[in-house]
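Breakdown of the fold
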Amino acid sequence: MNIDEVNHQVKGWLKEARENIIHAFGNPLSVETKSSRVDLVTNMDKQTEKFLVNKIREFDPNVKILGEEGFGDDITNLDGTVWIVDPIDGTMNFVKQKDHFAIMIGIYENGIGKLGFIMDVMNDVLYSGGPDNGVFANENKLEKPENTSLKDGLLGCSSPMLMMDYNHLQTIVKHSSGARVYGSAGIEFIHILRGQEIGYISHLKPWDFAAGKILAEALGITVKTIDGSELDMLQSANVLIATENAQEDILKLLNSF
């Protein structure tokens, strides 16, 4: 894979996908539910995924694609080159706020993350890069965030997990500087990449964490299951994204129960 060529192409597609979404704000929005009344999908989720899948297939028909809305392939392994696409991450925010949502693409070769992209649509900032070329916010290279401890940083959380106290999340939050809930994994990843949060805990699906995992790990941030195990890139999991010190603090807390 030619990293520079892929990087150039995807940035162009994401810019176009963003413009399509912005232009659609003046049109009626079709909203459906999936697994529950708070698990939404819109016509723009579907249109954006179709647009990106078509662009990827035109660029390289030999790759495999895993898409949230099902317009990619039926993938059972990460052999070869796999693109993982989330067309609108934070659909509830998109519907209710028209803000705080992202488009995400993660590219893996034989299970190794190569390039990640998170487009903050409303702020028009594209976070991109990987282990070979660093991480950028548009054209500005990001530095590795400080390795802040749990007590000294804000912790992003899943609202359902916090309310129901899954994995003792309420206790973990009490040991932090406070909780933040944005309703979008992509937006949470951005805050961590920029050093504005020390971590994020949520139940995530592969398209929720595929892109952010590549970017975060390129900046020395851990992305694992909440108990410290490696993620299965094709399975949902309770995920902990955190600085190394915050991850260590959280694991110590969990092991104390």
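Residues numbered from 1 in each chain as written. Predicted model: local features only at pLDDT ≥ 70, side-chain atom pairs only at ≥ 80, totals over all residues. Heavy atoms only, no water.

1. Points about the pattern of salt bridges
Under the definition given, this model contains 9 salt bridges. Close ionic contact of Arg-18 with Asp-124 constitutes a salt bridge, the shortest N to O distance being 3.5 Å. Of this pair, Arg-18 sits in helix α1 (residues 3-24) while Asp-124 sits in the loop between β6 (112-120) and β7 (125-130), and the two are 106 residues apart along the sequence. On the basis of relative accessible area, Arg-18 is assigned to the buried category, the value being 17%. (Salt bridge = Lys/Arg side-chain N within 4 Å of Asp/Glu carboxyl O. Helix = DSSP H or I, 4+ residues; strand = E, 2+ residues; numbered from the N terminus. Buried < 20%, exposed > 50% of the residue type's maximum accessible area, 1.4 Å probe, protein only.)

2. Things to note about the side chain of Lys-213
Within the secondary structure layout, Lys-213 lies in helix α7 (residues 206-218). A residue is classified by how much of its surface remains accessible, and Lys-213, at 11% relative accessible area, is buried. In this structure Lys-213 touches Tyr-108, Phe-189, Val-223, Leu-231 and Met-233, once residues within four positions along its chain are discounted. (Contact = heavy atoms within 4.5 Å.)

3. Looking at the nonpolar core
In this structure, Ile-84, Ile-118, Tyr-127, Leu-193, Val-239 and Ile-241 are the most contacted members of the largest nonpolar core, which totals 37 residues. Broken down by secondary-structure element, the contributors of at least two residues to this core are β4 (81-89), β5 (102-109), β7, β8 (134-137), α6 (185-193), β12 (199-204), α7 and β14 (237-242). Considering each element in turn, this core owes the most residues, 7 residues, to α7. Discounting chain neighbours no more than four positions away, the residues touching Leu-193 are Tyr-127, Leu-142, Glu-143, Pro-145, Leu-215, Ala-216, Leu-219 and Ile-221. Ranked by size, the runner-up nonpolar core spans 28 residues in total, among them Met-44, Val-53, Trp-83 and Phe-94. (Core = buried A, V, L, I, M, F, W, Y, C linked by side-chain atoms within 4.5 Å.)

4. A closer look at the packing of α1 against helix α2 (residues 43-59)
Between α1 and α2, the least distance of the axes is 11 Å, while the angle of their chain directions is 155 degrees. Between α1 and α2, the crossing angle belongs to the class labelled roughly antiparallel. In this structure, α1 meets α2 at a crossing whose hand is right-handed. Where α1 approaches α2, its residues Glu-5, Val-6, Gln-9, Trp-13, Leu-14, Glu-16, Ala-17, Asn-20, Ile-21 and Ala-24 are matched on the opposing element by Met-44, Thr-48, Phe-51, Leu-52, Lys-55, Ile-56 and Phe-59. Residues belonging to the contact of α1 with α2 are distributed by class as follows: 11 nonpolar, 3 polar and 3 charged. (Axes fitted to C-alpha atoms, helices over the stretch in contact; angles between N-to-C directions. Parallel < 35°, antiparallel > 145°, perpendicular 65-115°, else oblique. Left-handed = near helix turned anticlockwise from the far one by under 90°. Nonpolar A, V, L, I, M, F, W, Y, C, P; charged D, E, K, R; others polar.)

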